[in-house]
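# A closer look at the structure
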Amino acid sequence: MATQHFAGESTEIDLLVIPETNLILVASVIEPLRVANRISGLELYRWRIFSPDGQAIETRSGIPVPVCGAFRPESETAPLFVLSSHNWRRHATSALKTLLAKTARYRSLVAGVESGSWFLADTALLDDFSATTHWEDYDDFAATYPQIRTVRERYVIDGKRITTGGSLPTLDLMLELIRRRHGYSLALEVSRQFIHEQGGVDASASAMPSTGSIRMVDSRVGHAMRLMEEHIEQPLTLPRLARRVGVSARHLSLLFDTTVGVSPHVHYLALRLNAARRKVIETRAAFADIAAATGFNSASAFARSYRANFRESPSETRRRLRPA
């Protein structure tokens, strides 16, 4: 199971927000990072927001977004997210595209969020990459830029280029980036703060929100996840879980691997440890009681699993994060 790597330097991210961007698009990038910081109790992520002219961004909702200043990059290496929604061509000046082309040489990655994909494409930054954009613009995008491998996906990560198709796909993307950097457990816990269902999926099939790699495309996976949620204190074995779902244990494992990207055991353990961590922080319960309440056979087994996942003991977490 991937551990949560909370230690180390913060990840810095730059956002270039184009005028007329939807407010929810800005939030879909920033809010998962903010929640990851809050849950971990550490500054895992920091971000700076820029506009083309240094003025606050007037979003389509009329709510301005303050910025750090004008986008005047030099040789920064931090990931750059270009956010745009409406009338992107009106703001795609030759000067701005020149700045994007120059800064892309140094950036560890460049992401086009919604119409930001058009910005990157028009600057030749997506040539020979796979990319996506908002579904309304998909056909026009593919016809306009034949040198780009346009695909119908919620988001696409192709080397140093990332593109997304809208606000909820961007939320999926950020959860996936959190998972890759800090582990499945943290991404899962962040995702639970943003309960949403995948587009085109029956609500009964979705047990919980996406965590980037989690796509609720199979009702049996959703059913298994709901059963896990309902049996935290006395976890179900994989064979029992599979029987309740109506498949074999091997088939259920395969379904999890293909739709979630992890085994049922990894997902179940992440649920239980996250539940335990909330109890460690939010209650004064004895650790032995927390262990029993989250399905561990003993306090020592709980402590070992907790430390292996969170890189600190329950008592260290409580001292660090419990409110005075």
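Heads up: these notes are all about the structure in this document. (Residues numbered from 1 in each chain as written. Predicted model: local features only at pLDDT ≥ 70, side-chain atom pairs only at ≥ 80, totals over all residues. Heavy atoms only, no water.)

## Re the overall build of the protein
Stated precisely, the cut-off is as follows: Strands here are runs of E lasting at least two residues and helices are runs of H or I lasting at least four, both read from the DSSP assignment and numbered beginning at the N terminus. Using a 1.4 Å probe on the protein chains alone, a residue whose accessible area is under 20% of its type maximum counts as buried, one over 50% counts as exposed, and one in between counts as partly exposed. For this analysis, residues touch if any pair of their heavy atoms sits within 4.5 Å.
Across its full length, the protein carries 14 helices and 11 strands. Looking at the protein residue by residue over its 324 residues, the buried ones come to 52%. Excluding contacts between residues fewer than 6 apart, the proportion of contacts in the protein whose partners are at least 24 apart in sequence is 64%.

## Brief notes about the sheet that holds strand β11 (residues 161-164)
Note: strands within a sheet are paired through backbone hydrogen bonds, in either parallel or antiparallel orientation. Cut-off, in case you're wondering: Strands qualify as paired when DSSP identifies two bridges or more between them. Whenever a helix is involved, its axis is fitted only over the stretch in contact; in every case the axis is a line through C-alpha atoms, and angles between N-to-C directions fall within 0 to 180 degrees.
As summarised here, the arrangement of the 7 strands in space is β5-β2-β1-β6-β7-β11-β10, forming an open sheet in which the pairing is mixed. Single-partner strands in this sheet number two, and they are β5 (69-70) and β10 (155-158). Of the pairings in the sheet, the one linking strand β1 (residues 11-17) to strand β2 (residues 45-51) comprises 6 bridges and is parallel in character. Across the sheet, Glu 12 pairs through a bridge with Arg 46, a residue of β2. Those strands touched by helix α6 (residues 167-182) are β1, β2, β6 (80-84), β7 (110-114), β10 and β11, and its axis lies near 40° from that of β10.

## Here we look at unusual backbone geometry
Although it is not a glycine, Asp 128 adopts a positive phi angle of roughly 70°. Examined against the element boundaries, Asp 128 turns out to sit in the loop between α4 (116-122) and β8 (130-131). In this model, Arg 311 sits at a positive phi of 65°, which is unusual for a non-glycine residue. Within the secondary structure layout, Arg 311 lies in the loop between α13 (299-310) and α14 (314-321).

## What to know about the environment of Asn 274
Looking at where Asn 274 falls in the secondary structure, it is placed in helix α11 (residues 264-282). A sequence separation of 20 residues divides Asn 274 from Thr 294, and the C-alpha atoms of the two residues are 9.4 Å apart.

## A closer look at α6
The following threshold applies: Helices are assigned an expected span. That span is 1.5 Å times one less than the residue count.
If you check α6, its first and last C-alpha atoms are 22 Å apart, about what 16 residues at 1.5 Å a residue would give, namely 22 Å. Among all positions of α6, only Ser 167, Pro 169, Thr 170, Leu 171, Asp 172, Leu 173, Met 174, Leu 175, Glu 176, Ile 178 and His 182 are buried. Immediately beyond the C-terminal end of α6, within one or two residues, lies Gly 183, with a positive phi of roughly 100°.

## Side note on the nonpolar core
The line we're drawing: Throughout this description, the term nonpolar core refers to a set of buried Ala, Val, Leu, Ile, Met, Phe, Trp, Tyr and Cys residues connected via side-chain atoms within 4.5 Å.
Formed by 32 residues in total, the largest nonpolar core has its most connected members in Leu 15, Phe 81, Leu 83, Ile 178 and Val 190. When contributions to this core are tallied by element, the ones reaching two or more residues are β1, α1 (23-40), β2, β6, β7, α6 and α7 (184-191). With 8 residues, the top contributor of residues to this core is α1. Core analysis: the next-biggest nonpolar cluster, separate from the first, contains 23 residues, Met 228, Leu 255, Val 260 and Val 262 among them.

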